[in-house]
Every structure is written in C-alpha cells, then in structure tokens.
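Fold and contact review
Listed below are the residues making up each chain.
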Number of protein chains: 2
Amino acid sequence: MTDNPDLKEYWEARPLPLPSVSIDCVIFGFHANQLKILLLRYKNTDFFALPGGFINQDENLEDAAARVLEERTGLQHIYLEQYYVFGDKNRRFDATHHELMNGSGIMLRPGHFLLNRFISIGYYALIDFSKARPKPDAFSASCEWYDLDTIPTLIFDHDFILQKALHTLRANLDEKLIGLNLLPETFTMNEFQSLYETILGEKIARSNFQRKVLGLHMLKRLDKKITGGAHKAPYLYSFDSKTASKS
Amino acid sequence: MTDNPDLKEYWEARPLPLPSVSIDCVIFGFHANQLKILLLRYKNTDFFALPGGFINQDENLEDAAARVLEERTGLQHIYLEQYYVFGDKNRRFDATHHELMNGSGIMLRPGHFLLNRFISIGYYALIDFSKARPKPDAFSASCEWYDLDTIPTLIFDHDFILQKALHTLRANLDEKLIGLNLLPETFTMNEFQSLYETILGEKIARSNFQRKVLGLHMLKRLDKKITGGAHKAPYLYSFDSKTASKS
DNA sequence: GTATTATTGTCACAAGATGATACAATGACT
DNA sequence: AGTCATTGTATCATCTTGTGACAATAATAC
C-alpha cells in the first residue's frame, strides 16, 4: 500500500472526536417514482457504506448529523430524525477498517481510535432529490443514489441500520409530513401517491388517497400541469405553509 | 467530607466502561390507579435522579440497560424500550457530580471519567409494580416510587429525559401491549381502563374501551371478582398468551 | 325478605372514516 | 370529430367510533 500524505495529515490533525460514538445517516430521496438512498463507495474497494461520521467534542449530536448531511448533499436545514442506537458489543470492525483505509493509502496503526468498539446513532434524513448535490468524502470514490431494490451489500451492520430506518419511516408515514420533505416545491397528486406507495411497498386506492390528503387541508392547488400526455392534465399542488409545518 | 474507603475501592476497582456513553432508565409501574416512576435519592443530599449506569466494554447496550433494571428492581426479562439519545454538547455536570459523590464521602480527582461529556441513551421500562423490590445503589439513600404528579425536581437533564419517556409511552400506547407489562397477572376492566387513562391523562368512555379491547381478542375472561362493593362484581381478566405477545 | 344502590356487561343508534366502484371532464393524438 | 388515458369527484356499502340506555347483580339498608 502506498502512503497518502495529504489524507494522512488531514486525518492525524483532526482532533479526536467524542470516543465510542459514531453517527450513520440514511438519506432518503425520491425521484422518478422511486425511493432512493445515498451511498458511498470507498476508494479502490467494492465496499459500500452509509454516510457517517463522528461527533466533535463541542458539538451537539444533532448538529453532527446535520454536518454530515451537509457535507454529503450540500443542503442545510434538512429534515433529520434520530431513530435508533446500534450498540452490539461486537460493533468493532478492525479488519474492514484496515481495508477501507488501505484503499486510500492509509495504514492504521495499532491503537488508532477507529479500532475500538463504537455505538452508532442512526439518523434518517428526508431531502429534496432535485436539490441535492451528492459529494464523496475523503475516503470514498463515489457518493450516489441507489434505488431501494438495487442496494448493494453494505459494510459493517449497515444493511441492518438501513432496514431499521426504512421500518421507522413506514411507521411514521401517517404522523409526520414525510411528503413535505421528500417532494419538490410542486408536484402532482400522482407523484404524491407514488411516494406513499413506494415507502409502504403496496398500492393505494387512488380516489381514496386523494380524498384523504385533500381532507387534511395541507395542500394548495395550483395551476394545471400540461404534461404532453394524451389525457386530462393534472393539477399541481404544493404544501400550504399556513397549515403544514416542517416537522 | 470524610473518606469512604469501601465505596472508593469499589469505584476504583471497576474497569472503565465504554467512554462517553451512559444509560438512563425511566421505570414505570402502576399501582392504586396511579402511574408511578422509580427514583433514586443520593446519600446525604436532596438530589433525585433516574436510575442509570454505564456500559461495560463487553456488554450489549440492551444488556446494560437490563442489568441496571435488575439491580434496581430485582426483576429479569423486563419490557425495555430504547427511546432517545440525549446528546447535548453541554451534557457535563462536573459540579453536581462532585456534590453527589461528596454525599458518599468520595472525592472525585481531576480527570475522573465522570467529569467528561456524556451522551445518555434513554430506556423506558414497564414493570409489574407488585413484583418489584426497589433497591438503592451504592450512592443512593433511597430507591422509591413516585406518583407522576409528585415527582421532585431531578438532577442533570433528567426532568427532560423523563418527559420524553412519557411522551413516547403515550405515542406507543395503541401499538404496543403496554397493559401486559404494567398490570398484574389478573385485573379488572376498570383497572385496565384506569391505566390507559392515567397514561393518556384523559378520561375514556367506558363502554367503548371495553368493546375495543375485547375486540382485540387478547384477553381471557376469568372468574368474577368479589369486591365487597355494593354493586355487580366485575370479571377478572388476564392476557391470553396465545394471542398476546410480550413485545 | 324486599327494596335500594353503585357498578358492570351489553346492546342500539348516530356520526364519522374507509374501501370499492362508477362516471363525467379533459388534453393530446389519429 | 372520435378515441384514449388519466384525473377529479360523487356514490354506496362497510367498518369504526362516540354516545347513551338498560338489564344484571353483589352488598347494604330496612
């Protein structure tokens, strides 16, 4: 393995974060009627991972998650929800960490802080796909969206962390205004319904869905959208800021 | 403050736990139509706190919480749910820690592991009040039940941790079988309803409640209970192990 | 013994929410 | 103008929930 002086310096200059604790972020987006998730691939490896990071000594938990989110997507003020802490006693992954860092030309010395047990706090984020500008971190070659049904196998226990996020998202679907955060400013009723269907993994009766969401009085009806399709043009909707709140 | 050699030895011999991470447990019980919470009072102080502890290096998070629970109540296989992580950057309470330990005759030296920032993982537990045998820990003078409406002010951010547990309990009331864990083996419909009413903090229409819970087919009807009251005797019920599961 | 009282188990009806289906409206294409 | 696919809405049946009424009954008062 060749050494990588730049990254090494960056890594070694970094003040040690809060020990034993890491953050993992499941970042959901919605595009082309598909629920998508942002994943990193580590340089010179086939290892895929959820975006994550550590907590600075003088940083709130929530702020650390928001920082990771901004670094990966360029977005601020993102909808973020802490959903579970993963604390298995076997959460130490020395061999994998060595491989990951080797991919960036870094040799982890014995006693390096990564080679310890970590608990990881899971956050899920809902973002407007069209606004995100995914950006890899220093150790990864890519940061890209993956459809839910084509997710590669992930490192560590990230598969489990992802599944748990998905279950939580499903369970929260009715209570939290999930559409508000995943959809663009304006959208059609069909897009809104598709979002719900892909999250739930099942079809919903069209007319009942419309009746229900309109009955909540959180949508404003805008102009019609001229689709170019050989059929009636749908209205565009947006969330009504008077009755719908961000969280 | 006088030194306390026994406790000091115990404390110093203890291998260091997982750094930066603690656990706090909100232990709910139900008795005499009141929702109750188990609190510790530190020796020679007026400081009240939620039972808590640390995670051993080779211990699962969940097991650490179960251990704390067993130490305070004598009960195993308790219903436990992780509900939130409290990670404010200001979660360091040096002055209070000194006072708490002074109460047990212990001087915390500079650099002691308690004098750091901690994140705390909140668990709430539901237990059968009649089976618990509350027991103080090494630093506390008492471990007792408090009615929800007579809770004293708590140390650190424990007031907030308690409120968040209560909100989560309310939100989960319909989905999780909360009665199963808080009630004794057999109970009347009235007791069952009172439990729900105290958790929700509002009255429920009697006949609707009965229709609803019986409709779930999770209760077995047993013999009548002779109360001694001048009225019709209520049936006793228990949870049906065939249709009701612990979690 | 008999009447009284408070509480319990159940039923009946109204109001509201949900599921399933039908149908007219409409933008683009032939 | 006619066809087509999709959209917005109305309708009806079904299920759920809110509200109140009523008979049953264990203890007490007389």
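Quick look at the structure, then. In this text, all values refer to a predicted model and were calculated from it rather than measured experimentally.

Okay, the overall build of chain A next. Within chain A, the secondary structure is distributed over 7 helices and 10 strands. Seen along its three principal axes, the alpha-carbon backbone of chain A occupies a region of about 65 × 35 × 30 Å. Here chain A, with 247 residues, has 51% of them falling under the buried criterion. Within chain A, contacts between residues at least 6 apart in sequence are counted, and of these 74% link residues at least 24 apart.

Moving on to the protein's contact with DNA strand C. Around DNA strand C, the structure places 25 residues, and the nearest of them are Ser207(A), Ile226(A), Ala230(A), His231(A) and Tyr235(B). Here Lys224(A) contributes a side-chain N or O atom positioned 3.3 Å from a phosphate oxygen of DNA strand C. At 3.0 Å from a phosphate oxygen of DNA strand C is found a side-chain nitrogen or oxygen belonging to Arg221(B). Broken down by secondary-structure element, the contributors of at least two residues to the surface near DNA strand C are helix H7 (206–215) of chain A together with helix H6 (189–200), helix H7 (206–215) and strand E10 (235–239) of chain B. Taken together, the residues of the surface near DNA strand C sort by class into 8 nonpolar, 9 polar and 8 charged.

Moving on, we get to a negative patch on the surface. On the surface, Asp174(A), Glu175(A), Asp174(B) and Glu175(B) cluster together into a patch of negative charge. Assignment of secondary structure puts Glu175(B) in the loop between helix H4 (158–172) and helix H5 (178–182).

This part covers the relation of the copies chain B and chain A. Once turned by 180° and shifted 0.0 Å along the axis, chain B lies on chain A with an RMSD of 0.1 Å. Read as a symmetry element, the transformation amounts to a two-fold axis. Residue Pro19(B), judged by its C-alpha, is the member of chain B lying nearest the rotation axis, at 3.0 Å. Taken as a fraction of all interface residues of chain B, those also at the interface in chain A reach 100%, which identifies the copy contact as same-surface.

Once that is clear, we can look at the state of the cysteines. Residue and element names in this part refer to chain A. Following the criterion strictly, the structure yields 0 disulfides over all chains and no others. Summary of cysteine pairing: Cys25 is not part of a disulfide, and the nearest cysteine sulfur, belonging to Cys143, is at 11 Å. On the basis of relative accessible area, Cys143 is assigned to the buried category, the value being 6%.

What follows is about the interface of chain B and chain A. At the interface, 22 residues of chain B touch 22 residues of chain A. Carbon and sulfur atoms make up 51% of the surface buried where chain B meets chain A, a total of about 1700 Å² over both sides. When residues of chain B are sorted by the area they lose upon contact with chain A, Asn60(B), Gln82(B) and Arg117(B) head the list and together hold 27% of the total. Our count for the chain B to chain A interface comes out at 0 salt bridges. Breaking the side of chain B that touches chain A down by element, the ones donating at least two residues are helix H2 (61–73), strand E5 (79–86) and strand E6 (119–126) of chain B. No other element matches E5(B), which puts 3 residues into the side of chain B that touches chain A. Grouping the constituent residues of the side of chain B that touches chain A by class yields 9 nonpolar, 6 polar and 7 charged.

This part covers the sheet that holds strand E9 (residues 219–224) of chain A. All names here are of chain A. Taken in spatial order, the 3 strands line up as E8-E10-E9 in an open sheet, and their pairing is antiparallel. In this open sheet, the two edge strands, each paired with only one partner strand, are strand E8 (187–188) and E9. Where E9 lies against strand E10 (residues 235–239), 4 bridges are found, and the strand directions are antiparallel. Looking across to E10, one finds that Lys220 is bridged to Ser238. Its contacts with the sheet put H7 on E9 and E10, and the angle it makes with E9 is roughly 120°.

Rules of the game
Residues numbered from 1 in each chain as written. Chains lettered and ligands numbered in written order. Predicted model: local features only at pLDDT ≥ 70, side-chain atom pairs only at ≥ 80, totals over all residues. Heavy atoms only, no water. Helix = DSSP H or I, 4+ residues; strand = E, 2+ residues; numbered from the N terminus. Buried < 20%, exposed > 50% of the residue type's maximum accessible area, 1.4 Å probe, protein only. Contact = heavy atoms within 4.5 Å. Near = heavy atom within 4 Å. Polar contact = N/O pair within 3.5 Å; in protein donor to acceptor, adjacent residues only side chain to side chain. Nonpolar A, V, L, I, M, F, W, Y, C, P; charged D, E, K, R; others polar. Patch = residues over 30% accessible without salt bridge, like charges linked within 9 Å, V, L, I, M, F, W, Y side chains within 5 Å. Areas by Shrake-Rupley, 256 points an atom, 1.4 Å probe, with all protein chains shown as cover. Salt bridge = Lys/Arg side-chain N within 4 Å of Asp/Glu carboxyl O. Lys, Arg positive; Asp, Glu negative; His and termini not counted. Charge placed at Lys NZ, Arg CZ, Asp CG, Glu CD. Least-squares fit on C-alpha atoms with pLDDT ≥ 70 in both. Disulfide = S-S within 2.5 Å. Buried area = accessible area lost by both parts, 1.4 Å probe. Pairing = 2+ DSSP bridges. Axes fitted to C-alpha atoms, helices over the stretch in contact; angles between N-to-C directions.

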